[in-house]
Amino acid sequence: KNQVEQSPQSLIILEGKNCTLQCNYTVSPFSNLRWYKQDTGRGPVSLTIMTFSENTKSNGRYTATLDADTKQSSLHITASQLSDSASYICVVTDSRDSNYQLIWGAGTKLIIKP
Amino acid sequence: NAGVTQTPKFQVLKTGQSMTLQCAQDMNHNSMYWYRQDPGMGLRLIYYSASEGTTDKGEVPNGYNVSRLNKREFSLRLESAAPSQTSVYFCASSPGQGTDTQYFGPGTRLTVL
């Protein structure tokens with residue numbers, strides 16, 4: 001079964017520090033991998049999208065990397081801010097499915113403490 | 001632009017009651033989706049509509065029905081609510097299917113007693 005696994009489940013860091021969130025997937029082949037940010041009580045918002053041929057994609061202080069050989073992706077947050085407190089979800093698009101089904105990870109809950 | 005709006009924000013039902021969750025988007029998107037989100041799990045697709053006039057089942061369609069009323073609106077109906085349907089429901093839309101980015105509404109938190 002296609003899966004997307006994220007680690008850690010939760011993470012607490014101090015404001016200003018950097019952190020890296022991990023995503024391992026078994027979806028193959030896939031057309032793209034996205035990272036979404038979900039604030040508490042809100043819907044997910046897309047942060048980055050990478051195709052299988054891309055290695056890295058940045059969006060401000062967020063940098064996503066992709067290693068299609070090892071089927072791993074990471075999201076690096078630089079100089080964290082209180083507003084970064086949220087869940088971060090890795091999503092892989094299964095290109096075998098003619099409807100391009102999205103396979104969602106369970107997310108990493110990130111808490112930034114002042 | 002409001003983006004994707006959902007009503008209601010919160011709802012409590014008794015087992016066996018019915019209700020309809022409403023969703024509307026003002027981005028002129030062709031595709032719309034209904035997901036449920038449960039603790040510790042990824043979002044799961046209930047139904048989607050690739051374009052006006054079409055609907056298809058997702059991963060977990062049992063117990064639900066949908067209506068694509070027009071290009072803007074996509075409703076989700078629970079005919080006979082069960083405690084297993086307690087969840088947060090999200091509506092989303094995208095310009096097309098496939099690899100297009102999906103834009104989400106704020107969600108409806110549903111509790112079935």
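Throughout what follows, the structure given in this document is the object of discussion.

**Some words on the side chain of A:Q6**
All names here are of chain A.
Now for step 1: Within the secondary structure, Q6 is located in strand β1 (residues 4-7).
Now for step 2: Since its relative accessible area comes to 13%, Q6 is described here as buried.
Now for step 3: Here the side chain of Q6 touches Y88 through a polar contact of 2.9 Å, landing on its backbone oxygen.
Now for step 4: Reaching out from Q6, the side chain makes a polar contact with the backbone nitrogen of G107 at a distance of 3.0 Å.
Now for step 5: In this structure Q6 touches Q22, C23, W35, Y88, I89, C90, G105, A106, G107 and T108, once residues within four positions along its chain are discounted.

**Overview of the pairing of strand β8 (residues 74-78) of chain B**
Residues and elements named next belong to chain B.
Now for step 1: Of all five residues in β8, four are buried; the element is thus mostly enclosed.
Now for step 2: Bridge analysis of strand β3 (residues 19-25) against β8 gives three bridges, and the strand direction is antiparallel. Each bridged residue has a counterpart across the sheet, and for L21 the counterpart in β8 is L76.
Now for step 3: Pairing between strand β7 (residues 64-68) and β8: five bridges, direction antiparallel. Paired with V66 across the two strands is L76, which belongs to β8.

**So, the pattern of salt bridges**
All names here are of chain B.
Now for step 1: Within this structure, the stated rule accounts for six salt bridges over all chains.
Now for step 2: The closest approach of N and O atoms between D38 and R44, which form a salt bridge, is 2.7 Å. Neither residue differs from the other here; D38 and R44 are each classed as buried.
Now for step 3: Close ionic contact of R77 with E79 constitutes a salt bridge, the shortest N to O distance being 3.2 Å.
Now for step 4: Given the relative accessible area of 42%, E79 is considered partly exposed.
Now for step 5: By sharing partners, the salt bridges in this structure join R36, D38 and R44 into a single network.

**Details of the sheet that holds strand β8 (residues 72-77) of chain A**
Residue and element names in this part refer to chain A.
Now for step 1: Taken in spatial order, the five strands line up as β1-β3-β8-β7-β6 in an open sheet, and their pairing is antiparallel. Since the sheet does not close on itself, it has two edges, and those belong to β1 and β6 (56-59), each with one partner. With direction set aside, neighbouring strand axes in the sheet form an average angle of 15 degrees.
Now for step 2: In the sheet, β6 pairs with strand β7 (residues 62-67) via four bridges, with the strands oriented antiparallel. Residue N59 lies in a different strand from β7, and its bridge partner there is Y62.

**A few points about the environment of A:I13**
Residue and element names in this part refer to chain A.
Now for step 1: Looking at the secondary structure, you find I13 in strand β2 (residues 10-14).
Now for step 2: Here I13 falls in the buried class, since its relative accessible area comes to 12%.
Now for step 3: Along the backbone, I13 and I112 are 99 residues apart, and their C-alpha atoms lie at a distance of 5.2 Å.
Now for step 4: In this structure I13 touches N18, C19, S80, L110, I111, I112 and K113, once residues within four positions along its chain are discounted.

**What about the pairing of strand β4 (residues 31-37) of chain B?**
Residues and elements named next belong to chain B.
Now for step 1: Across the seven residues of β4, seven count as buried, placing the element largely inside the fold.
Now for step 2: Burial along β4 is two-sided: S31, Y33, Y35 and Q37 and M32, W34 and R36, pointing in opposite directions, are all buried.
Now for step 3: Pairing between β4 and strand β9 (residues 87-94): seven bridges, direction antiparallel. Within β9, the residue paired with Q37 across the bridge is V88.
Now for step 4: Summarising the sheet, β4 and strand β5 (residues 44-49) pair through five bridges and their orientation is antiparallel. Residue pairing across strands places Y35 opposite L45, the latter belonging to β5.
Now for step 5: In this structure, the hairpin formed by β4 and β5 is closed by a connection of six residues, where G40 is found at a positive phi of approximately 75 degrees.

Cut-offs and rules
Residues numbered from 1 in each chain as written. Chains lettered and ligands numbered in written order. Predicted model: local features only at pLDDT ≥ 70, side-chain atom pairs only at ≥ 80, totals over all residues. Heavy atoms only, no water. Helix = DSSP H or I, 4+ residues; strand = E, 2+ residues; numbered from the N terminus. Buried < 20%, exposed > 50% of the residue type's maximum accessible area, 1.4 Å probe, protein only. Polar contact = N/O pair within 3.5 Å; in protein donor to acceptor, adjacent residues only side chain to side chain. Contact = heavy atoms within 4.5 Å. Pairing = 2+ DSSP bridges. Salt bridge = Lys/Arg side-chain N within 4 Å of Asp/Glu carboxyl O. Axes fitted to C-alpha atoms, helices over the stretch in contact; angles between N-to-C directions.

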